[in-house]
Amino acid sequence: MASDFEAQVRATNDKINARTGRPLIRAIVVGLTLGLALLASLIFVKALFMIFAGALVAFTAWELASALRFAGRRVPRIPALIAALAVIPAAFFWMAVGHWAATLAGIALIVVWRLAELVRPAARTSAREVLLDLGAGVFIMIYIAFMAGFTVLLTAQEGGQWWTLAFLIVVVSVDVGAYATGLTFGKHPMAPTISPKKTWEGFAGSVVAAMTAGILTALFMLGQPWWVGIILGAVLVLTATAGDLAESLIKRDLGIKDISTWLPGHGGFLDRVDSSLLSAAAAYALFLIFT
């Protein structure tokens, strides 16, 4: 009897995993762990969020650099890691000036490092390949470090940690709404050549979830009127969806399923933060407008 029940549970779990494309239980556990660590860093000591964000940026920059190298781009991983990591404390302590300065300095470091590698005869290649390598390094700095820096820049503002928490709640709601609705009702692919599992039904669910979360966080967390929550939800559902599709496009272009396999049930760190990167910049802009 017990073995029959266990077999039934396993069969059900296999069906869910096949439908979602992920080991669902492990994904939930990892997601909750990251979420609790994030919550603690924002609520108790803002400086802890800098450490949390720095770790995420470092892992994400390293795994994307590794994926690009696997695809043939000779991106210098160590300077890319150092440069991306430096953006976080710079944005936290020196605000917008530090954010921009660290990003530009990081780009310069990667460019100089890659050009210096050409001194070795074994590392020499065509000018076109070198330019592509440099472009890949710049892409890491802008897509990962610069965009993630907006989250730290927002958190460092007076009361900014609540805006950070609010925008992350909305982004998570977008993911959950799209996942639940798409899994249940999804029939019409949204972007089949980029992300086959995304559907218009899932997007509709994400819109409802984003609007609901936006209104609730605006009223009870940010002290803003309900219509600000509507704007927050509308903007973030677009940026979160665009970020998710952008990451899927990167993986498709590189010919890989996941950027890495570091997070059980999730793939890589970029698979977890893709929806938040563009959303961080949008949330910072909304913070400047409404406060």
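Residues numbered from 1 in each chain as written. Predicted model: local features only at pLDDT ≥ 70, side-chain atom pairs only at ≥ 80, totals over all residues. Heavy atoms only, no water.

A closer look at the overall build of the protein chain
Turning to step 1, where the next piece is worked out: Helix and strand counts for the protein chain stand at nine helices and two strands.
Turning to step 2, where the next piece is worked out: Secondary structure elements of the protein chain, listed N to C terminal, follow the sequence α-α-α-α-α-α-β-β-α-α-α.
Turning to step 3, where the next piece is worked out: Per-residue burial for the protein chain yields a buried fraction of 48% across its 291 residues.
Turning to step 4, where the next piece is worked out: A separation threshold of at least 6 residues defines the contact pool for the protein chain, and within that pool the share at least 24 residues apart is 70%.
Turning to step 5, where the next piece is worked out: For the protein chain, the exposed surface amounts to about 14300 Å²; the carbon and sulfur share of it is 73%. (Helix = DSSP H or I, 4+ residues; strand = E, 2+ residues; numbered from the N terminus. Buried < 20%, exposed > 50% of the residue type's maximum accessible area, 1.4 Å probe, protein only. Contact = heavy atoms within 4.5 Å. Areas by Shrake-Rupley, 256 points an atom, 1.4 Å probe, with all protein chains shown as cover.)

Points about helix α3 (residues 46-70)
Along an α-helix, residues three or four positions apart point the same way, because every turn accommodates 3.6 residues.
Turning to step 1, where the next piece is worked out: Between its first and last C-alpha, α3 extends 36 Å over 25 residues, near the 36 Å set by a 1.5 Å rise per residue.
Turning to step 2, where the next piece is worked out: Of the residues flanking the end of α3, it is Gly72, one or two places downstream, whose phi is positive at about 110°. (Expected span 1.5 Å × (residues − 1).)

Observations regarding the confidence of the model for the protein chain
Turning to step 1, where the next piece is worked out: For the protein chain, the average pLDDT comes to 86, and 85% of its residues sit at 70 or higher.
Turning to step 2, where the next piece is worked out: Below a pLDDT of 50 lies the segment residues 5-13, which in the model reaches one contact outside its immediate sequence neighbourhood of four places, other chains included. (pLDDT = per-residue confidence, 0-100.)

Looking at the packing of helix α7 (residues 200-220) against helix α8 (residues 226-254)
Turning to step 1, where the next piece is worked out: For the pair α7 and α8, the least separation of the axes is 7 Å and the interaxial angle reads 140°. Taken together, the axes of α7 and α8 are oblique relative to one another. Crossing geometry of α7 relative to α8 is assigned as right-handed. Note on element contacts: α8 touches α7 through Trp226, Val228, Gly229, Ile230, Leu232, Gly233, Ala234, Val237, Leu238 and Thr241, opposite Phe203, Ser206, Val207, Ala210, Met211, Gly214, Ile215, Thr217, Ala218 and Leu219.
Turning to step 2, where the next piece is worked out: Among the residues making up the contact of α7 with α8, the classes are represented as 14 nonpolar, six polar and no charged. (Axes fitted to C-alpha atoms, helices over the stretch in contact; angles between N-to-C directions. Parallel < 35°, antiparallel > 145°, perpendicular 65-115°, else oblique. Left-handed = near helix turned anticlockwise from the far one by under 90°. Nonpolar A, V, L, I, M, F, W, Y, C, P; charged D, E, K, R; others polar.)

Some points on the packing of α3 against helix α4 (residues 77-117)
Turning to step 1, where the next piece is worked out: Closest axis-to-axis distance for the α3/α4 pair is 9 Å, and the angle between their directions is 155°. Taken together, the axis directions place α3 and α4 in an arrangement best described as roughly antiparallel. In the packing of α3 onto α4, the handedness of the crossing is right-handed. Touching Lys46, Ala47, Met50, Ala53, Gly54, Val57, Ala58, Ala61, Trp62, Ala65, Ser66 and Arg69 of α3 are Arg77, Ile78, Ala80, Leu81, Ala84, Leu85, Ile88, Pro89, Phe92 and Phe93, all from α4.
Turning to step 2, where the next piece is worked out: When the residues that make up the contact of α3 with α4 are grouped by side-chain class, the tally is 17 nonpolar, two polar and three charged.

A few points about the packing of aromatic side chains
Turning to step 1, where the next piece is worked out: Tallied over the full model, the rule gives 11 aromatic pairs.
Turning to step 2, where the next piece is worked out: Consider the rings of Trp200 and Phe203, whose centres lie 5.9 Å apart with planes at 90°: the pair is edge-to-face. Here Phe203 and Trp200 lie together in helix α7, a separation of three residues that amounts to about one turn.
Turning to step 3, where the next piece is worked out: Take Phe203: its relative accessible area is 19%, and that puts it in the buried class. (Phe/Tyr/Trp six-rings, centres within 6.5 Å; stacked < 30°, edge-to-face > 60°.)

Looking at a nonpolar patch on the surface
Turning to step 1, where the next piece is worked out: On the surface, a nonpolar cluster with roughly 780 Å² of combined accessible area is contributed by Leu36, Leu39, Ile43, Phe44, Val45, Leu48, Ile51 and Trp162.
Turning to step 2, where the next piece is worked out: Going through the elements one at a time, α2 (24-43) and α3 are the ones with two or more residues in the nonpolar patch.
Turning to step 3, where the next piece is worked out: The element that contributes the greatest number of residues to the nonpolar patch is α2, accounting for three residues.
Turning to step 4, where the next piece is worked out: Mapped onto the elements, Leu48 comes out in helix α3.
Turning to step 5, where the next piece is worked out: For Leu48, a relative accessible area of 39% puts it in the partly exposed group. (Patch = residues over 30% accessible without salt bridge, like charges linked within 9 Å, V, L, I, M, F, W, Y side chains within 5 Å. Salt bridge = Lys/Arg side-chain N within 4 Å of Asp/Glu carboxyl O.)

As for the environment of Ile82
Turning to step 1, where the next piece is worked out: Looking at the element boundaries, Ile82 is found in helix α4.
Turning to step 2, where the next piece is worked out: Classification of Ile82 as partly exposed rests on a relative accessible area of 48%.
Turning to step 3, where the next piece is worked out: The spatial distance from the C-alpha of Ile82 to the C-alpha of Ala61 is 9.3 Å, given a sequence separation of 21 residues.

Brief notes about the nonpolar core
Turning to step 1, where the next piece is worked out: Judged by nonpolar contacts, the single largest core of 69 residues is most densely connected at Leu64, Met141, Ile144, Phe150, Phe167 and Leu270.
Turning to step 2, where the next piece is worked out: It is helix α5 (residues 127-156) that contributes the most residues to this core, 14 residues altogether.
Turning to step 3, where the next piece is worked out: Beyond its immediate sequence surroundings of up to four residues, Leu270 is in contact with Thr60, Glu63, Leu64, Tyr143, Ile144, Glu247, Ile259 and Leu277. (Core = buried A, V, L, I, M, F, W, Y, C linked by side-chain atoms within 4.5 Å.)

Let's talk about the pairing of strand β2 (residues 195-199)
Walk down a regular strand and you will see the side chains alternate between the two sheet faces.
Turning to step 1, where the next piece is worked out: Bridging between strand β1 (residues 189-191) and β2 involves two bridges; their strand directions are antiparallel. Opposite Pro189, over in β2, you have Thr199 as the bridge partner.
Turning to step 2, where the next piece is worked out: Counted along the chain from β1 to the antiparallel partner β2, the turn is three residues long. (Pairing = 2+ DSSP bridges.)

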